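A look at the structure
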Amino acid sequence: MSRFHVGGKVVDNVDLLSRKHWTWRLDIWPFTILYFARVAFLVPSIDNVDAAIVLGGLAALHILVFLFTVRSVDFKCFVQYSMVNDIHHADTCKITPAKFSGAKEVVPLHFRKLSAGSSTSLDLEEIYFDFRKQRFIYSKEKETISKLTYPTKEFFSYYIKNTGHGTEAKVALAIEKWGRNIFDYPQPTFQKLMKENCMEPFFVFQVGEVIWY
């Protein structure tokens, strides 16, 4: 199964992907062949001006493909990833959010061994991904992906009788399963902000106009 339907308030669908080796990416090998063909066949048979024009056209096309991979998640997945049917062959997920919940994103898929004694462990392996500060877990028995559940809807008596985890080992297991009760808001770096600004269509249009004239 290459696609999982989650149907939640945050995530609608999850597509399983595997990153292509860089030599097989559609923004690498086709242009490598075109650049080689230009040097091997065109350069000896045409003058330098025409060869420079062809090189400029190839470079412009290459840059355009790169910009499309930045602006479109679907195009990026088509160029740089392959869809897989087995979750154990995947290393990435394409997340389609629920309606009116933002744009699609590509997130890494994680595999980890659970500590011995965990009550949620059947095969001592957990497959999950994090999306917008929320964790989604793959269930091998149900073959579904669902949001990690928290003990927030128990009866009131459950919380009255609860005395905590008790031991450091249980605390470690709880942290491993649910994470720490903190919210980290990462500050974007200057390089990231500059990259986002340079990828804006109007900025690219301005640069293109300056180069053209």
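Conventions we followed
- Residues numbered from 1 in each chain as written.
- Predicted model: local features only at pLDDT ≥ 70, side-chain atom pairs only at ≥ 80, totals over all residues.
- Heavy atoms only, no water.
- Helix = DSSP H or I, 4+ residues; strand = E, 2+ residues; numbered from the N terminus.
- Buried < 20%, exposed > 50% of the residue type's maximum accessible area, 1.4 Å probe, protein only.
- Contact = heavy atoms within 4.5 Å.
- Salt bridge = Lys/Arg side-chain N within 4 Å of Asp/Glu carboxyl O.
- 1 Å grid on protein atoms, 1.4 Å probe; cavity = no way out; pocket = protein on both sides within 12 Å on 5 of 7 lines; lining within 4 Å.
- Points joined across faces, edges and corners; volume = space filled by probe spheres on them.
- UniProt positions renumbered as here; feature names shortened; annotations may be inferred.
- Pairing = 2+ DSSP bridges.

**Examining the overall build of the protein**
Per the secondary structure count, the protein includes seven helices and nine strands. On the principal axes, the C-alpha backbone points of the protein span a range of 85 × 35 × 35 Å. Residues counted as buried form 25% of the 213 residues belonging to the protein. Within the protein, contacts between residues separated by at least 24 positions form 54% of all contacts whose residues are at least 6 apart in sequence.

**Let's talk about the pattern of salt bridges**
For the structure on display, the rule yields eight salt bridges. As a salt-bridge pair, Arg135 and Asp130 come within 2.8 Å of each other at their nearest N and O atoms. Judged by relative accessible area, which is 33%, Asp130 ranks as partly exposed. Several salt bridges converge on common partners, so that one network encompasses Arg3, Asp15, Asp74, Lys94 and Lys104.

**Concerning the layout of surface pockets**
Quantified by volume, the second largest pocket comes out at close to 620 Å³. Surrounding the second largest pocket, 17 residues form its lining, Val70, Lys76, Lys192, Lys195 and Glu196 being those nearest its centre. Breaking the lining of the second largest pocket down by element, the ones donating at least two residues are helix 2 (48-71), helix 3 (73-80), strand 5 (105-108) and helix 6 (190-198). Per-element tally for the lining of the second largest pocket: the top contributor is helix 2, with four residues.

**A word on the UniProt feature "transmembrane region" (unreviewed entry) in the protein**
Residues annotated in UniProt with the feature "transmembrane region" (unreviewed entry) correspond here to residues 28-46 and 52-70. Between the end C-alpha atoms of residues 28-46 the distance is 25 Å, and the span holds 74% helix and 0% strand.

**Some remarks on the pairing of strand 9 (residues 144-147)**
Looking at chain direction, strand 8 (residues 134-139) and strand 9 are connected through four bridges and run antiparallel. The partner of Ile137 across the bridge, within strand 9, is Ser146. Two successive antiparallel strands, strand 8 and strand 9, enclose a turn made up of four residues, where Glu143 displays a positive phi of approximately 55°.

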